[in-house]
Amino acid sequence: MAGGSLAAVLGFPRSGFARAAGSYGKLVDTGRCIGCKRCMSACKRWNKLHVERDELVTDRQTHLSGNNFVVVNLRVDAYNRHERTYVHWTCQHCEKPACVGVCPVSAIQKLPQGAVVINEKKCIGCRYCFQACPFKVPRFDFEKRVTRKCHLCYNRIPLLNYMKPACVAACPVGALYFNYKHEVVKEAKRRAYRRQGSTYIMGFEEAGGTEILTILPARPERMGLIAAPGKVINQGLQKIRITASGIMGASVIAAGMYLYADKTRDRDDPTDEYGQ
Amino acid sequence: MNTGNNMRNANFDRMPSKRHYPLWVRAAAFHIRMAAAVLAAAYSAGKQTVLKIFGILRKIDPEFDLSPGFLFWAGGLFFFLLLGGYAFLASLLTSIEILEFAVEIPWEALIATYVFLVTAGSGLCVINALGPVFGMRRYEILSRRTVFLSLTSIIFGMSCIVLHLGHPERLPIYNALSPNFRSAISWMGALYSIYLAVVAVELWLLLRPELLVRAKRVRPEAGRRLLLLLTLAKFESGHLGKLLRDCKLGRLVGILAFISGISALTMLGSVFAHTESRPLWHGAYYPIYFLVSALFSGCALLLTAMIMSYRFTGHVIPPRVSSMIFEMAQLLAVLLVAGLGLTAYRLSAALYLPRMQAPATLLLSGEFSPVFWIFEIGLMTIMPVLTLFWASRKKSLAGVLSGSLAVLTGALVMRYIFVVGGQAYPVLATDPVFQIPTVFEIMLVCGALGAFCMIYTLGERFLPLMDANPHQA
């Protein structure tokens, strides 16, 4: 195992073990994925999504959309062109989701089970969640006119005790693994340790930690995935700091206007009449 | 097999049928049919409706006359409205997908137009505050026009957002029932709603004295009664009338408008600045730049509207108003220089930050560079600064008008490259980013701007907006 990736594998996640036992997570093991797209197919069945022409054919490049909550695409390591991996890409269900913080009508919620869910009956379709999302996942559905994304099959979890999300249940090779978050973390480390070659676990550092962990052969930016910032603005105080700069600017402008009014008062007509 | 079941449940409308024509043929056939229907409807109802509208306008104002210039202007605006209406109808009948050029760039020309109109309207609010809040009497003579222009521009800016949203009807409901206090859009919506209400009251207070005088002259009884009701003429002699005539009330409303307008504008800047994953937008800079850019675009809008109103109506500009125009032209030039300084600071600082380098390079030497240098720097800053300083020295109204128009055109393009360029990273780092808006988007933007100009023209014609001391009338 390469030195750089060893640190990533053995490094403690910032908040992985501190999560409540009730929180769930999902592991994506790209080393096992064969690109059969059964996860996409199962997701579409469970969520009653349209199937576009040829999109379930292996190796056909697909994009996330209001009709595609999960995609499986072949990715190539930019530094090692022989390393070709199928990457199962979906909402990463951040621990501190930026989309929840920006939705103007509180249509997005972080559930105690870990899933980040959009209430489609409340969504106004402004697409601000897409702008704020560090992974650029929530996509607009032009037919329903709302933003949609993966909800980690939250509607399957409470119905039957410990029912896996549709994609996990459909995976024929065990590339997807679903369990309590701390079990997922253990499993991710175990699989990464046993895997030959370099590995990187995406989800510990990205966007402050995510419920989905992905074992990649290299860092996400090398694999052509979006490199999410390590921290995402979510808390009120950080936002207030930015808005405060605007308020300070407004105060400076008000002071400038006062000075302008004071210095040019002699131009005012003291009789206050409309000069023709 | 899952795949088989899915194929059975698939939407077969999307499958190729036996008579499968290319997309452009189907699109052309759809638009030819729709255009024919629109033209037929316009022809059948057109002449009588136009005559009826002119009849109503003549009743409101007996002196209403149709000069060739006014007809040309109104015809042009009507054409723009027709374009916007057609695009809106087409988007309703097909999908709002026709208004987008890329799924990865969901905020495009409509958001840019929204930002342009709303910042200009908020800038006008700040300029208007010079009169009632900071006590500059010479600015009070412009207040009616400024407040009306601010109100209309923000309303039509909001209409662009309504066209862009998937479900605009849910916004007021859920923004009231379950607002998200961490979201800048939620705050912006609430603050602009307050601002619109306050500005509507301010405009009513400013127009009330003149409308009271007019109410006695209006001929149709219904119109007279409506005006008397609107102006609360019944209470004119009582305590309420005295309170409404009091300058202190106008000053209080002006202060409220200033505070709500400038905080709403700050929140508009924060909408972009809060998105950490968009390097070009993120940070403490844009709330400040939005304030300065709002001031110069509002100033340019006011100057353009004033000069064009006097030109169209044929009124002679009073010396005090013309001296105001030249003073504001100098102010506009100073604001443009300040805006240029802020832009230079932002981009030079960005070149030193690793995360910001790529987006800044996109503007300075990348795909956006021709538009950035020609429109934002050339047309919006350097050319108007030179023209405005020259025009205010030589007392040339044409120079001021051309400078202000250049600022407005440049500002619209500047908002577009700000909105679209900001979304280039991190999604489309390798793909071509700069794209001209789709035909339907351009049509819709034309419609929104045309409707804004038309409402302003009607207001200019039928409301007492000409620059005068509001307390004098």
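What this report covers is the structure whose coordinates are included nearby. (Residues numbered from 1 in each chain as written. Chains lettered and ligands numbered in written order. Predicted model: local features only at pLDDT ≥ 70, side-chain atom pairs only at ≥ 80, totals over all residues. Heavy atoms only, no water.)

Quick look at the environment of B:Leu362
All names here are of chain B.
Here's step 1: Within the secondary structure, Leu362 is located in helix H14 (residues 354-364).
Here's step 2: Residue classification places Leu362 among the buried residues on the basis of a relative accessible area of 9%.
Here's step 3: As for Leu362 and Gly421, which are separated by 59 residues in sequence, their C-alpha atoms are 7.8 Å apart.
Here's step 4: Excluding residues within four positions of it along the chain, Leu362 makes contact with Glu367, Phe368, Ser369, Gly421, Ala424 and Tyr425. (Helix = DSSP H or I, 4+ residues; strand = E, 2+ residues; numbered from the N terminus. Buried < 20%, exposed > 50% of the residue type's maximum accessible area, 1.4 Å probe, protein only. Contact = heavy atoms within 4.5 Å.)

Digging into empty space enclosed by the protein
Residues and elements named next belong to chain B.
Here's step 1: In the structure shown here, the tally under the stated rule is 13 cavities of 30 Å³ or more.
Here's step 2: The space that makes up the largest cavity amounts to roughly 140 Å³.
Here's step 3: Lining the largest cavity are 13 residues, and of these Tyr286, Thr343, Leu363, Phe372 and Glu376 sit closest to its centre.
Here's step 4: Those elements that place two or more of their residues in the lining of the largest cavity are helix H12 (285-313), helix H13 (319-352), helix H15 (369-394) and helix H16 (397-422).
Here's step 5: Residue composition of the lining of the largest cavity, grouped by class: 10 nonpolar, 1 polar and 2 charged. (1 Å grid on protein atoms, 1.4 Å probe; cavity = no way out; pocket = protein on both sides within 12 Å on 5 of 7 lines; lining within 4 Å. Points joined across faces, edges and corners; volume = space filled by probe spheres on them. Nonpolar A, V, L, I, M, F, W, Y, C, P; charged D, E, K, R; others polar.)

Notes on the pairing of strand E2 (residues 71-77) of chain A
Residue and element names in this part refer to chain A.
Here's step 1: Counting buried residues along E2, 5 of its 7 residues qualify, which places the element largely inside the surrounding structure.
Here's step 2: The sheet contact formed by E2 and strand E3 (residues 80-89) spans 7 bridges and is antiparallel. In the sheet register, Val76 faces E3, and the bridge partner there is Arg84. (Pairing = 2+ DSSP bridges.)

Focus on the side chain of A:Thr214
Here's step 1: Inspection of the secondary structure assignment puts A:Thr214 in strand E10 (residues 212-216).
Here's step 2: Leave out the neighbours within four places in its chain, and A:Thr214 touches A:Val28, A:Thr30, A:Gln92, A:Tyr200, A:Ile201 and A:Met202.

A few points about the pattern of salt bridges
Residue and element names in this part refer to chain A.
Here's step 1: For the structure on display, the rule yields 17 salt bridges over all chains.
Here's step 2: Taking the shortest distance from any N to any O, the salt bridge between Asp141 and Arg148 comes out at 3.2 Å.
Here's step 3: For Asp141, a relative accessible area of 10% corresponds to the buried category.
Here's step 4: Glu187 is the salt-bridge partner of Arg190, the closest N and O atoms lying 2.8 Å from each other. Here Arg190 pairs with Glu187, and both are found in helix H6 (residues 181-194), just 3 residues apart, close to one helical turn.
Here's step 5: Using a relative accessible area of 37% as the deciding quantity, one classes Arg190 as partly exposed. (Salt bridge = Lys/Arg side-chain N within 4 Å of Asp/Glu carboxyl O.)

Overview of the pairing of strand E1 (residues 24-29) of chain A
Residues and elements named next belong to chain A.
Here's step 1: Most of E1 sits inside the fold, with 6 of its 6 residues counted as buried.
Here's step 2: The sheet contact formed by E1 and strand E8 (residues 176-180) spans 5 bridges and is antiparallel. Following the sheet pairing, Val28 is matched in E8 by Leu176.
Here's step 3: Where E1 and E10 come together, 4 bridges link them in parallel fashion. Bridge pairing links Lys26 to Ile212 in E10.

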